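Structural overview for review
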2 protein chains.
Amino acid sequence: MVTIGDVARVAGVSRSTVSYALSGKRAISDQARRRVEDAVRELGYTPNAGARALATSQTMVIGLLARFLEDEFAPAMLQYMLGVSNTARELGYDILLSTEEDGARALRRMSDSRMVDGVVLLNVAHEDDRLPVLRAAPQPGALVGLPGDCTGVDVFDLDFEEAGRLMVDHLFRLGHRELILVSQPEHVVERGGAYVWRLQNAAQEAARARGVTLHATFGSSRQPEIGRDLAAVLDAHPGATGLILNNEAAAAALPSLLHERGLSAPRDLSVLGRYSEEFASTFSLHYSAVESAPDRLGRMAVRQLVRRIEGEIAPDDPYVVRFVSPELVDRGSTGAPPARAPG
Amino acid sequence: MVTIGDVARVAGVSRSTVSYALSGKRAISDQARRRVEDAVRELGYTPNAGARALATSQTMVIGLLARFLEDEFAPAMLQYMLGVSNTARELGYDILLSTEEDGARALRRMSDSRMVDGVVLLNVAHEDDRLPVLRAAPQPGALVGLPGDCTGVDVFDLDFEEAGRLMVDHLFRLGHRELILVSQPEHVVERGGAYVWRLQNAAQEAARARGVTLHATFGSSRQPEIGRDLAAVLDAHPGATGLILNNEAAAAALPSLLHERGLSAPRDLSVLGRYSEEFASTFSLHYSAVESAPDRLGRMAVRQLVRRIEGEIAPDDPYVVRFVSPELVDRGSTGAPPARAPG
DNA sequence: CTGAAAGCGCTTACAG
DNA sequence: CTGAAAGCGCTTACAG
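Residues numbered from 1 in each chain as written. Chains lettered and ligands numbered in written order. Predicted model: local features only at pLDDT ≥ 70, side-chain atom pairs only at ≥ 80, totals over all residues. Heavy atoms only, no water.

When chain B is fitted to chain A, the residual RMSD is 0.0 Å, and the transformation amounts to a turn of 180° plus an axial shift of 0.0 Å. Here the two chains are linked by the operation of a two-fold rotation axis. (Least-squares fit on C-alpha atoms with pLDDT ≥ 70 in both.)

Structure (structure tokens):
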């Protein structure tokens, strides 16, 4: 391979001059600069990233720890990944991706062997086994997802509590007094998927405060089970006029179910989901929804992480926990509840 | 950070002894080995990956060049990525992920700066601008997707031609004589999505050979457009009794459409898709389909790539082009065509 | 404005 | 079986 020494020889200058000409870290005569540039072009020189990393202690690589858990909707994860990856690239960083099950191990490997300057953790659980590893690591970390303990890390998440309140409130104002909330599977909650209960508890509380009945249930993340779950919960609560979905699979399965039953939204049932624009458009979901903003969250996490990496944040600057406010995208699937059948 | 020198000092041996004790590349006395192991544990030593890469010219990293193109179904790409990533890890490699638009540039950067030992290209086009870069690179590359020119690379893909024949044949044997094929958008074909025309041409030919009428059309990759496309093509060919879908969005949109029209498969229409098991289960698609095997293709590509990287393949061993035979997963959505309406 | 040299943390012939 | 030393390809004080 062509090295900085080759460039120096061809340009007739020293290796340090080549280095400085390229980095611009000290003044260089026009003549030297031109000869270096020519030599670089002629030889097709690109610095060896490993050697540079060794010399500077900077890898210009960010570790991305994705977690694909059973009972969660994989395509949703992709949107977060893309937000992280694209933003990192814009800021000059590459992405080292881990999708392995044992995220703590992957993180330890990346961190201990100094492969990355910082890491982004996706799909963070309430008690996340990657967090102790991250806190002990010399590299900074940014999370997408709110853990129970946020010390030592920057945290970004959708404000799921506000989302829960917003959804109940929206339907309440339209006149609904009996609602159903279908969340992710209970299994997700048990292993620490805090966003599930954050939304659910807030929704419950808002409902109570307004005198609204809210039937909160868990649904499967799989087809066709979730279709049956939805059917069962609708049957169980015939008086419910509004349906809130914090479960992508449920949203994807709902159109078929409504068709089967000859129901349409919002005529017979008002429907409100929580998913991304991208998801809606890919799966033809014309339900109004709280935007989960995966790309934006990924972007925020990377931006903050890079600020930490590059020392733009003073060491004693506090860590942040930043919530994205839920936005309700109106696609026309909510309206006044149907008039009660006479009698 | 703790270096090999720290370990050597604590263990009371030389740095080379530590290195050899860890790599096992030369015999070590039991005593020395034990002291090294103790010191490693005590200090929590992990070799610096960059330094090791510089010394060995091996990064133990594989570049993964994903391409998310407009009009293609993003979640499908994720399955390939997971196949690649998980297999790489099993074989001891990490993944450097690129999702940027300019794949050729990303590849050049990874390759020139020696960040990777080899690369996997996903979603390869007939004329793929990443290929010239790859051929000029010192690292080997494996492709998922068949390009027009396969020289210098290992290629893995589903046998889309066989898939096209298989699907037509399957429906022909059930008695169908008029079929519809809905492919990806024409736009995908125009920019080199060879799998679209490979399947379509083979299907056309098989249909001709059997005296079957095949209406080949392109459909949108987006909702709700694809729903309208499907409706239009069904209206245009009322005599068609079989529907072949080489378009994930179409498959996802079909259930609603059939419900709307009061049709069911296979009673009124036999349906045959081309997508993965994972896709089918995530989106509740109970249509029989040719399995696109993304995880398997990703796995095959990485395995071959690692063989090349590690020199298990002799330099003069020819490059391979390996097709996965399509398997038809029967989910019961095909059957005999409906009896003709009398008259 | 420039060069010689040290150093980043490893691996691996070389010599014993 | 082991150690001293060279080398991988960079960057960056240091000295001029």
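Once the structure has been displayed, the description carries forward.
Residue and element names in this part refer to chain B. Within the secondary structure, Pro 224 sits in the loop between β7 (213–218) and α11 (225–236). Taking the relative accessible area as the measure of exposure, Pro 224 reaches 45% and is therefore partly exposed. Considered as a pair, Pro 224 and Ala 253 are 29 residues apart in the sequence and their alpha carbons are 8.1 Å apart. (Helix = DSSP H or I, 4+ residues; strand = E, 2+ residues; numbered from the N terminus. Buried < 20%, exposed > 50% of the residue type's maximum accessible area, 1.4 Å probe, protein only.)

Strand order across the open sheet formed by 12 strands is β11(A)-β5(A)-β4(A)-β3(A)-β1(A)-β2(A)-β2(B)-β1(B)-β3(B)-β4(B)-β5(B)-β11(B), with mixed pairing between neighbours. If you trace the sheet from one side to the other, it starts and ends with β11 (321–324) of chain A together with β11 (321–324) of chain B, each paired once. On average, each strand axis in the sheet is tilted by 20° relative to the strand beside it, whichever way the strands run. (Pairing = 2+ DSSP bridges. Axes fitted to C-alpha atoms, helices over the stretch in contact; angles between N-to-C directions.)

This part covers the protein's contact with DNA strand D. For DNA strand D, the set of nearby residues contains 31 residues, the closest of which are Ile4(A), Thr17(B), Arg26(B), Ala27(B) and Ser29(B). Backbone atoms, meaning sugar and phosphate, form 54% of the atoms of DNA strand D found within 4 Å of the protein. One nitrogen or oxygen atom from the side chain of Tyr45(A) is found 3.1 Å from a sugar or linking oxygen belonging to DNA strand D. Within the side chain of Arg52(A), an N or O atom sits 2.9 Å from a phosphate oxygen of DNA strand D. Secondary-structure elements contributing two or more residues to the surface near DNA strand D are α2 (15–23) and α4 (49–56) of chain A together with α2 (15–23) and α4 (49–56) of chain B. Here the surface near DNA strand D gets 5 residues from one element, more than from any other, and that element is α4(A). When its residues are assigned to classes, the surface near DNA strand D shows 15 nonpolar, 10 polar and 6 charged. (Near = heavy atom within 4 Å. Polar contact = N/O pair within 3.5 Å; in protein donor to acceptor, adjacent residues only side chain to side chain. Nonpolar A, V, L, I, M, F, W, Y, C, P; charged D, E, K, R; others polar.)

Interpretation in functional terms is not warranted from these geometric data alone.
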